[in-house]
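# A structural walkthrough
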Amino acid sequence: NMQMVLHKLTPSNWTELVTQEFDVEVNCQLPSGLLRFHSTIAPLEAETISPYCVLAFPHILHKHQLRSSYRVVMPPGASSLSFRNGERVVQGYCLNLSLEGCCGIFRGDFETFTRDVVVPGLTVSLDDALQFTTDATVCRRQLMQNGSTQLGLRFDALDTEVQRRLQASLTNLQRRQLRKLA
């Protein structure tokens, strides 16, 4: 039976809460999906107050893959999005971008843009001069506190050349971000 010893848990008074073995469900949001499992947690040494506890490794892990390609967080000002909504051209920007889609922020409430609604002619522009237009399907819509709308958009099939150029742009962007962190 494999176990992991944990230290410095939050809240800081966890030793008062975990005095015996408990069943727990662990949900961990990762960039590429959700990792979920059932386990037990217990103090490392039941007879003394210890700063450590033990989490048993589960026999089964469930990973819910949300997408099949990596998302790159877009720095402010590095992208723009636009599409026609009737007679109006709507402008926005990307929070993140992948080969399959993006999360965009647009001013106003787009209540008609619900799940599975097609956004025709979405234009994506990146600061490295890549620009392409594609139809996209709404996967998620969320009204923000400031009145803007966040739309999760899945691109329709991109042609091979656009995919290649988008992959190169995403790789360059990710390398620049990693250099800033180093």
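Check the entry above for the structure.
In short, a report on the structure.

Conventions adopted
All residue numbers refer to positions counted from 1 along the written sequence of the respective chain. Local features in this predicted model are restricted to residues of pLDDT 70 or higher, and side-chain atom pairs are both shown and tallied only at a pLDDT of 80 or more, whereas totals for entire chains, interfaces and linings draw on every residue. Based on all heavy atoms of the structure, the side-chain values leave hydrogens and waters out of the count. The helix and strand labels rest on DSSP assignments: H or I over at least four residues marks a helix, E over at least two residues marks a strand, and numbering proceeds from the N terminus. Three exposure classes are used, based on accessible area relative to the maximum for each residue type with a 1.4 Å probe and protein chains only: buried under 20%, partly exposed in between, and exposed over 50%. We call two residues in contact when some of their heavy atoms are within 4.5 Å. Accessible areas in this description were obtained via Shrake-Rupley with a 1.4 Å probe; residue shielding takes into account the shown protein chains only. Exposure above 30% relative accessible area and no salt bridge define the residues that can form patches, which grow by joining like charges within 9 Å and nonpolar side chains of Val, Leu, Ile, Met, Phe, Trp and Tyr within 5 Å. The term salt bridge refers to a pairing of a side-chain nitrogen on Lys or Arg with a carboxyl oxygen on Asp or Glu at a separation within 4 Å. Two rings belonging to Phe, Tyr or Trp (six-membered ring only in the last case) form a pair when the distance between their centres is within 6.5 Å. Interplanar angles under 30 degrees mark stacking, angles over 60 mark edge-to-face geometry, and anything in between is tilted.

### Overview of the overall build of the chain
- On a plain count of helices and strands, the chain comes out with two helices and twelve strands.
- Here the chain holds 182 residues, and the buried ones make up 34% of them.
- A separation of at least 24 residues holds for 53% of the contacts in the chain among residues at least 6 apart in sequence.
- Counting every atom, the chain has about 11,800 Å² of accessible surface; 53% of that belongs to carbon and sulfur.

### Description of a nonpolar patch on the surface
- A contiguous nonpolar patch, built from M2, M4 and F57 and spanning about 290 Å² of accessible area, is present on the exposed surface.
- Of note, M2 is situated in the segment before β1 (3-7).

### What to know about the packing of aromatic side chains
- With the rule as written, the count across this model stands at six aromatic pairs.
- Between F110 and F113 the ring centres are 5.7 Å apart and the planes differ by 80 degrees, which places this aromatic pair in the edge-to-face class. This pair shows no difference in class: F110 is buried, exactly as F113 is.
- A network of ring pairs unites the aromatic residues F83, F106, F110 and F113 as a single cluster.

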